[in-house]
Amino acid sequence: MIKVNNLSKEFHEQGTRNELLAVDHVDFTIQDGSFCALVGESGSGKSTLAQLMCGLLAPSSGEVLFEGKNIALCRGKQKQVLRSKIQLILQDGKGAMDPRFTVYQIIAEPIRNFRKLTKKKEEREINDLLTMMELPEEIKLRKAHELSGGQQKRVCIARALAAQPDVLIFDEAVSGLDVLVRKHILDLLKRLHQERKMTCFFITHDLDIALYLADRVMVMRCGKIIEDRTFHGSTDCFTHPYTKLLLHSIAPYLGQTIQ
Ligand SMILES: Nc1ncnc2c1ncn2[C@@H]1O[C@H](COP(=O)(O)OP(=O)(O)OP(=O)(O)O)[C@@H](O)[C@H]1O
């Protein structure tokens, strides 16, 4: 379980004396095995929140608890374990992979860092992950720049899974892909979530993607969570005027009339 308590993050605005409250007193709990989506416009604080949830940024105030432990206070071995348990998958697949490494080495890295497997078991696991991500085995010897955008995303997901995480956080992980590849990866994520019962936290600009994937949708604006709903298929659950505005903009694609 992840518990976010009164969490804030302030940045200094460069070249000024101003402070910018990127995350503004946010509270929520994510239950194990749930699929949550966080929707918001550019600059609303989504990525900052994701980095706080992984312990990559320290909060200005408040806390993130993972299995009862304050992430920001974890050190040494405890921090390493935490890094393996909460995996962040970013928009820029290529930039997130070492250009010198082959796909095999990229996926093997978390196995070697966090788990101790024999060479044989490591190879079997990497083959299984490639199959799960619907990637051909011959891709193992290629480097990041020799992959398509969709293949890069799948390799990043395979690498995250190799660490055997409890939580996957996707930050705009399907942006920049063509609609067919994007749909394919979203379906893969849905299947993965169902099969592995992992907790997924999916950050996106697109409310339609959030509604397609998640059983809980949170809407962020100006650093605050302005709406947080369990979603069972009907958009009637959303009441905030900003969410309604977003819904109106995607109504033609949903084939629904928004009240
Ligand atoms: N390291 C930083 N230093 C100063 N300001 C920052 C820093 N990181 C983020 N910000 C500011 O914090 C605010 C929230 O940024 P954040 O990247 O979290 O938004 P976002 O919702 O993820 O946006 P996008 O959808 O465009 O990625 C923005 O105004 C941004 O300029």
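The following refers to the structure shown. Along every chain, residues carry numbers that run from 1 in the direction the sequence is written. Given that the model is predicted, a residue must reach a pLDDT of at least 70 before its local features are reported, and side-chain atom pairs must reach 80 or more before they are shown or counted; all residues, however, enter totals for whole chains, interfaces and linings. Note that water and hydrogens are dropped before the side-chain values are worked out from all heavy atoms of the structure.

Looking now at unusual backbone geometry. The backbone of H25 sits at a positive phi, close to 50°, despite the residue not being glycine. By the criteria applied, helices consist of DSSP H or I runs no shorter than four residues and strands consist of E runs no shorter than two, each listed in order from the N terminus. Residue placement: H25 occurs in strand β2 (residues 19–30). Here's how the labels work: a residue is buried when its accessible area is under 20% of the maximum for its type, exposed when over 50%, partly exposed in between, all with a 1.4 Å probe on protein chains only. Residue classification places H25 among the partly exposed positions, given a relative accessible area of 44%. If you check the backbone angles, E134 has positive phi at about 55° while not being a glycine. Tracing the sequence through the fold places E134 in the loop between α4 (119–132) and α5 (149–162).

Now for helix α6 (residues 179–196). With 18 residues, α6 ought to run about 26 Å at 1.5 Å a step, and its terminal C-alpha atoms sit 25 Å apart, in line with that. Considered for burial, the residues of α6 that qualify are I185, L186, L188, L189, L192 and H193. Down the axis of α6, the sector holding all buried residues measures 160°, keeping them to one side. Residues of α6 that are exposed and point more than 90 degrees away from the buried face comprise V179, L180, Q194 and E195. Residues of α6 that are buried sit in contact with β3 (35–40), α4, α5, β7 (167–171), β8 (199–204) and α7 (207–213). Just past α6, the residue K197 takes up positive phi, approximately 55°. To estimate how far a helix should extend, the number of its residues minus one is multiplied by 1.5 Å. Directions are taken from the helix axis to each C-beta atom, and the arc is the one they span. In what follows, residue pairs with any heavy atoms lying within 4.5 Å of each other are defined as contacts.

Let us look at the sheet that holds β2. Read from one edge to the other, the open sheet built from four strands follows the order β2-β1-β4-β5, with strand pairing classed as antiparallel. Single-partner strands in this sheet number two, and they are β2 and β5 (69–70). For strand β1 (residues 2–12) and β2, the ladder comprises eight bridges, and the chain directions are antiparallel. Bridged to I2 within β2 is I30. In short, DSSP must find at least two bridges between two strands for them to pair.

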